[in-house]
Amino acid sequence: MKVNIQAVNFNVDRKLVDFINERLEKLHKYYDKIVGIDVSLRTENTSDKENKSVDIIVKIPGDDLIVKKIAKTFEEATDLGSDALERLLVKRKEKIKAH
């Protein structure tokens, strides 16, 4: 499974890339047919402290799952996004088993 990370208007440090890869690799145990994952990191132009935006697109056969999360840090937004994706992937798996 390939994880593509794209940062808008800034450079990502190695530690953040490793964290995102490690966190998203865990999604594979919830649904084994994941083709790839695209992650987009950006900083929103707001005065709010929660201005780090992470968009995660999980490519699976027949559909794509998209999650957008905003938090104080990219790590926190990635955690929130991966938790939401875990729930979505479990639902998808149960739906397929029911048919």
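Preceding this paragraph is the structure being described.
Residues numbered from 1 in each chain as written. Predicted model: local features only at pLDDT ≥ 70, side-chain atom pairs only at ≥ 80, totals over all residues. Heavy atoms only, no water.

The secondary structure content of the chain amounts to 2 helices and 4 strands. Listed N to C, the secondary structure of the chain is β-α-β-β-β-α in terms of helices and strands. Relative to its length of 99 residues, the chain is compact, with a C-alpha radius of gyration of 14 Å against a globular reference of 13 Å. Summarising its shape, the C-alpha atoms of the chain cover approximately 50 × 25 × 20 Å along the three principal directions. Across the 99 residues that make up the chain, the buried fraction comes to 34%. Counting only contacts in the chain whose residues sit at least 6 apart along the sequence, the fraction spanning at least 24 positions is 48%. Carbon and sulfur atoms make up 48% of the accessible area of the chain, which amounts to about 6,400 Å² in all. Charge separation in the chain, taken as the distance between the mean sites of 20 positive and 18 negative side-chain charges, equals 3 Å. (Helix = DSSP H or I, 4+ residues; strand = E, 2+ residues; numbered from the N terminus. Rg over C-alpha atoms; globule rule 2.2 N^0.38 Å. Buried < 20%, exposed > 50% of the residue type's maximum accessible area, 1.4 Å probe, protein only. Contact = heavy atoms within 4.5 Å. Areas by Shrake-Rupley, 256 points an atom, 1.4 Å probe, with all protein chains shown as cover. Lys, Arg positive; Asp, Glu negative; His and termini not counted. Charge placed at Lys NZ, Arg CZ, Asp CG, Glu CD.)

Let's shift gears to the sheet that holds strand S2 (residues 36–43). One open sheet holds the 4 strands; their spatial order is S1-S2-S3-S4, and the pairing between them is mixed. On the outer flanks of this sheet lie strand S1 (2–7) and strand S4 (63–71), each paired with one strand and no other. The average undirected angle you get between the axes of adjacent strands in this sheet is 15 degrees. Running at roughly 140 degrees to S1, helix H1 (residues 14–25) makes contact with S1, S2 and strand S3 (52–60) of the sheet. Against the sheet, helix H2 (residues 74–98) engages S2, S3 and S4, with an angle of about 150 degrees to S4. (Pairing = 2+ DSSP bridges. Axes fitted to C-alpha atoms, helices over the stretch in contact; angles between N-to-C directions.)

Turning next to H2. The periodicity of an α-helix, 3.6 residues per turn, causes residues three or four positions apart to be oriented the same way. In this model H2 runs 36 Å from its N-terminal to its C-terminal C-alpha over 25 residues, within 8% of the 36 Å that 1.5 Å per residue would give. Among the residues of H2, Phe74, Ala77, Thr78, Gly81, Ser82, Ala84, Leu85, Glu86, Leu89 and Arg92 are the ones counted as buried. Buried residues along H2 sit in contact with H1, S2, S3 and S4. (Expected span 1.5 Å × (residues − 1).)

Time to look at the nonpolar core. Counting residues in each nonpolar core, the largest one holds 22 residues, and the members touching the most others are Leu24, Leu27, Ile34, Ile37, Val39, Ile56 and Val58. Those elements that provide at least two residues to this core are H1, S2, S3, S4 and H2. Considering every element that reaches this core, the biggest residue donor is H2, with 5 residues. If we skip the residues at most four places from it in the chain, Leu24 touches Met1, Val3, Ile37, Val39, Ile56 and Ser82. (Core = buried A, V, L, I, M, F, W, Y, C linked by side-chain atoms within 4.5 Å.)

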